[in-house]
Number of protein chains: 2
Amino acid sequence: MGGDFGPTVVVPGCAIARERYPDSRFLFFGDEQLIRPVLDKHPDLAAVSEIEHTDVAVRMDDKPSQALRHGRRVSSMWLALEAVKAGRADLMVSAGNTGALMAMSKLCLRMVPGAERPALAAIWPNIRGEGIVLDVGATIGADAEQLVTFAVMGEAMARALFGIEKPTVGLLNIGVEEVKGLEYIRAAGQILRETSLPINYYGFVEGDDIGKGTVDVVVCEGFTGNIALKSTEGTAKQLAHFLRAGMRRGLLSRIGFLFAKGAFDTLREKMDPRKSNGGVFLGLNGMVIKSHGGTDPEGYAAAVSLGYHLSRNDLMNKIGAGLETFSKDRVSTEASPAEVVNS
Amino acid sequence: MGGDFGPTVVVPGCAIARERYPDSRFLFFGDEQLIRPVLDKHPDLAAVSEIEHTDVAVRMDDKPSQALRHGRRVSSMWLALEAVKAGRADLMVSAGNTGALMAMSKLCLRMVPGAERPALAAIWPNIRGEGIVLDVGATIGADAEQLVTFAVMGEAMARALFGIEKPTVGLLNIGVEEVKGLEYIRAAGQILRETSLPINYYGFVEGDDIGKGTVDVVVCEGFTGNIALKSTEGTAKQLAHFLRAGMRRGLLSRIGFLFAKGAFDTLREKMDPRKSNGGVFLGLNGMVIKSHGGTDPEGYAAAVSLGYHLSRNDLMNKIGAGLETFSKDRVSTEASPAEVVNS
């Protein structure tokens, strides 16, 4: 029911995803009267789908507390999460209210042992292909240990999504020297350097390393990540604006635009926000994918595809194993008197 | 002596600036044997310039503490700052070591009454033209009051630079609702809403508002601002990379590129990092402009031009007056029992 368009985008989006992954099956939670007519237009999808009706939907402008008050146990969002919790669904995709989704996810699914707070991981196109940046806004503020758990979860996601055996992980900071930047980031860097975790820790990275693709996984707390994400979106729109304005300016430019259309299409495809639609809430006992609320069916299909891939590649177990190793490593490190003297 | 190229960029840069502003005069601090030969190639500049020799230069990789140890009172950087302090120069431009420049500036010039910590203000091209973002990395962390002083200083700079009577000011946050984001930013927002300062406070802005040009002045603490600045630089480079790659791909695209060259030139000019070269350290008792270390003469001339404009438009007095008004406003607000009850 979520997003700007509800079932009219969600259902066609799932139809695209089903074509890509014929072994997928779908549970739709929400107002059957709205979902059924759209679903009927996609018989192949309808054949592998069930609708579970509920009158209650979280509104896009609900505060998380309001959403919990009127939506707990009864809203489409909550029921979809319960399906994940009960093992009836491998993952849940929502284009709905982000704050409400996070609050409900935490309450319904609870955190994985070893993760204190969820992180929202975004797929970020870069010069080398794609990277993962987390947290882009699930949790404001973090301490060193939390940042390291983000690194562990992001690394697991990169293995699951990109199929890389040893993804590189960097901590977002200002200045790349070890002595620079914020204290909790330096402390997280020290943990990552000294840990026996099988993490390919690169070191600090700066804002411009995100676009360069210097590392596979960029780790930061949610305020910083959200600022980076939104600033970047703004710049991409700004450049597109200047380019369009320049192209409209004269006859030669217009002609040139026609000739060079292929090049622009390449650019548009590379930077297509629909292709990288879908953030993943990491740290929960279950897979929750957040689609952009304003996306179209193609974009929604990308969010579903992301979930499909991560599920097929065993993200939840990879995260669980990574966090367990980290917890054990911390306990043994903290118990060692020599290490305490060093720190 | 600073930057990647020393006098070979600084002197020709000043020659360009002198042509633009024939009433400008120049003091060069550093190794006369290196400066003199370059200056001799620009007789018009040489006619309005003096060289003050010193053997000592701050190195680009000096830590601020090292720079102060070997460069205090004797380095070219320090001597240029002293010229500002003594009123012999209206402003100082350096392409040198940023950390050292900030440390030396604070020590030599001291802070303006009412400003606790310096902020580095950047000129940021946006869809509507240009805006100011501060702090982009002078100081890590800030409290509400410091953020408000940044707002006061940035607003003064926008008046001086853009000639706008009532520039709009926004606080960079995640989410634009009053209840969102970090506590110290919400507190700064409250001060700005309630203050009797003649500031046109817009409210919170998000990362993408920087590129949109939603407000004339975007205020944040230095870590956040630096992440936003660098992320944006990375995205701009990434888009240019994709576009170049697409253009090289086929004959049609190549032909199109030739036709559309004007449009690309427009884009390049709009986003030319040289044009917006020059950050201003605000909050000091004197004007200090930081040029990018890797810039060319055109870029260096932009940094000098920025300083010229700000000086001609009385930036220092505008900042002083703004901070004084704010201090008085705070004292009267804090002394009011009714306000104390409200807060």
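Parameters at a glance
Residues numbered from 1 in each chain as written. Chains lettered and ligands numbered in written order. Predicted model: local features only at pLDDT ≥ 70, side-chain atom pairs only at ≥ 80, totals over all residues. Heavy atoms only, no water. Phe/Tyr/Trp six-rings, centres within 6.5 Å; stacked < 30°, edge-to-face > 60°. Helix = DSSP H or I, 4+ residues; strand = E, 2+ residues; numbered from the N terminus. Buried < 20%, exposed > 50% of the residue type's maximum accessible area, 1.4 Å probe, protein only. Axes fitted to C-alpha atoms, helices over the stretch in contact; angles between N-to-C directions. Parallel < 35°, antiparallel > 145°, perpendicular 65-115°, else oblique. Left-handed = near helix turned anticlockwise from the far one by under 90°. Contact = heavy atoms within 4.5 Å. Nonpolar A, V, L, I, M, F, W, Y, C, P; charged D, E, K, R; others polar. Salt bridge = Lys/Arg side-chain N within 4 Å of Asp/Glu carboxyl O. Domains from an automatic or database assignment. Buried area = accessible area lost by both parts, 1.4 Å probe. Polar contact = N/O pair within 3.5 Å; in protein donor to acceptor, adjacent residues only side chain to side chain. Pairing = 2+ DSSP bridges. Patch = residues over 30% accessible without salt bridge, like charges linked within 9 Å, V, L, I, M, F, W, Y side chains within 5 Å. Areas by Shrake-Rupley, 256 points an atom, 1.4 Å probe, with all protein chains shown as cover. Lys, Arg positive; Asp, Glu negative; His and termini not counted. Charge placed at Lys NZ, Arg CZ, Asp CG, Glu CD. Expected span 1.5 Å × (residues − 1). Disulfide = S-S within 2.5 Å.

Quick word on the packing of aromatic side chains
Residues and elements named next belong to chain B. Applying the stated rule across the entire model yields four aromatic pairs over all chains. Each ring, one from Y21 and one from Y308, has its centre 4.0 Å from the other, and the planes form 15°; the classification is stacked. Remark: Y308 occurs in helix α13 (residues 297-312) and Y21 occurs in the loop between α1 (7-20) and β1 (26-30); sequence separation between them is 287 residues. Each member of the pair Y21 and Y308 is classed as buried. For the ring pair F26 and F28, a centre distance of 6.2 Å and an interplane angle of 10° mean the geometry is stacked. There is no split in this pair, since F26 and F28 are both buried.

Focus: the environment of A46(A)
Take A46(A): it is sitting in helix α3 (residues 43-46). C-alpha separation for the pair A46(A) and S327(A), spaced 281 residues apart in sequence, amounts to 44 Å.

Quick word on the packing of helix α4 (residues 64-71) of chain B against helix α6 (residues 98-109) of chain B
Residue and element names in this part refer to chain B. Put simply, α4 and α6 touch, their axes get as near as 8 Å, and they point 55° apart. Relative to α6, α4 is oriented oblique. In this structure, the crossing between α4 and α6 has a hand that is right-handed. Every residue of α6 that contacts α4 at P64, A67, L68 and G71 is listed here: G99, A100, A103, M104 and L107. Residues belonging to the contact of α4 with α6 are distributed by class as follows: seven nonpolar, two polar and no charged.

Digging into the pattern of salt bridges
Residues and elements named next belong to chain A. A full pass over the atoms with the stated rule returns 25 salt bridges over all chains. For R312, the salt bridge identified is with D23, shortest N-O distance 2.4 Å. In this pair, R312 sits in helix α13 (residues 297-312) while D23 sits in the loop between α1 (7-20) and β1 (26-30), placing the two residues 289 residues apart along the sequence. Given a relative accessible area of 43%, D23 falls into the partly exposed group. Among the salt bridges present, the one from E183 reaches R186, with a minimum N-O distance of 2.8 Å. In this pair, E183 and R186 are both assigned in helix α8 (residues 183-194), three residues apart and thus about one turn of the helix distant. Given a relative accessible area of 26%, R186 falls into the partly exposed group.

Digging into the packing of α1(B) against helix α2 (residues 32-40) of chain B
Residues and elements named next belong to chain B. Packing of α1 against α2 leaves a shortest axis separation of 9 Å and a crossing angle of 40°. One finds that α1 runs oblique with respect to α2. The two elements α1 and α2 meet at a crossing, and its hand is right-handed. Residue-level contacts link P7, T8, V11 and P12 of α1 to L34, I35, V38 and L39 of α2.

A few points about the domain arrangement of chain A
Residue and element names in this part refer to chain A. We note that the domain assignment places domain 1 (1-110 + 284-291) and domain 2 (112-280 + 313-343) within chain A. With 11 residues of domain 1 at the contact, the number on the domain 2 side is 11 residues. Taking both partners together, domain 1 and domain 2 bury about 900 Å²; carbon and sulfur atoms supply 66% of that area. On the domain 1 side of the interface with domain 2, the three residues burying the most area are M102, L284 and M287, jointly 43% of the side's total. The interface formed by domain 1 and domain 2 contains zero salt bridges. At the surface where domain 1 touches domain 2, the tally comes to two residue pairs in polar contact (both at pLDDT 80 or more). Residue assignment for the side of domain 1 that touches domain 2 shows that the elements contributing at least two residues are α6 (98-109) and β10 (287-290). With four residues, β10 is the single largest residue contributor to the side of domain 1 that touches domain 2. Of the residues in the side of domain 1 that touches domain 2, the class split is five nonpolar, three polar and three charged.

Observations regarding the pairing of β10(A)
Residues and elements named next belong to chain A. The alternating pattern of β10 places M287 and I289 on one face and V288 and K290 on the opposite face, and all of these are buried. Alignment of strand β3 (residues 91-94) against β10, held across four bridges, turns out to be parallel. Paired with L91 across the strands is M287, a residue of β10. In this structure, strand β9 (residues 279-282) lies alongside β10, joined through three bridges in antiparallel fashion. Counterpart to F281 in the pairing with β10 is V288. Adjacent in sequence and paired antiparallel, β9 and β10 are bridged by four residues, among which G283 carries a positive phi angle near 105°.

Points about the sheet that holds strand β6 (residues 168-172) of chain B
Residues and elements named next belong to chain B. Strand order in the open sheet made by the eight strands is β3-β10-β9-β4-β5-β8-β6-β7, with mixed pairing throughout. Every other strand in the sheet has two partners, leaving β3 (91-94) and β7 (200-205) as the edge strands with one partner each. Across the sheet, the mean angle separating the axes of adjacent strands is 25° when strand polarity is ignored. Helix-sheet contacts for helix α5 (residues 76-85) involve β3 and β10 (287-290), and the interaxial angle to β3 is about 160°.

Focus: a positive patch on the surface
Residue and element names in this part refer to chain A. On the surface, a cluster of positive charge is contributed by R72, R73, K85 and R110. Its place among the elements puts K85 in helix α5 (residues 76-85). Assessed through its relative accessible area of 51%, K85 is described here as exposed.

Considerations on α1(B)
Residues and elements named next belong to chain B. With 14 residues, α1 extends 20 Å between its outermost C-alpha atoms, agreeing within 8% with the 20 Å of an ideal straight helix rising 1.5 Å per residue. Taken across its 14 residues, α1 has 10 buried, putting it largely inside the fold. Buried residues of α1: P7, V9, V10, V11, P12, G13, C14, A15, A17 and R18, and no others. Looking at the buried side of α1, the elements it contacts are β1, α2, α3 (43-46) and α13.

Side note on the state of the cysteines
Within this structure, the stated rule accounts for zero disulfides over all chains. Note on C14(B): no disulfide assigned, nearest cysteine sulfur contributed by C108(B) at a separation of 19 Å.

Things to note about the sheet that holds strand β6 (residues 168-172) of chain A
Residues and elements named next belong to chain A. In space, the eight strands of this open sheet follow the order β3-β10-β9-β4-β5-β8-β6-β7, with mixed pairing throughout. In this open sheet, the two strands that pair with only one neighbour each are β3 and β7 (200-205). If you compare each strand with its neighbour and ignore which way they point, the axes differ by 25° on average. Bridging between β6 and strand β8 (residues 217-219) involves three bridges; their strand directions are parallel. When the bridges of β8 are listed, L171 appears paired with V219. Sheet strands touched by helix α7 (residues 144-162): β4 (119-126), β5 (129-134), β6, β8 and β9. Its angle to β5, the strand with the most contacts, is close to 155°. The sheet strands contacting α13 are β3, β4, β9 and β10, and the helix crosses β3 at an angle near 160°.

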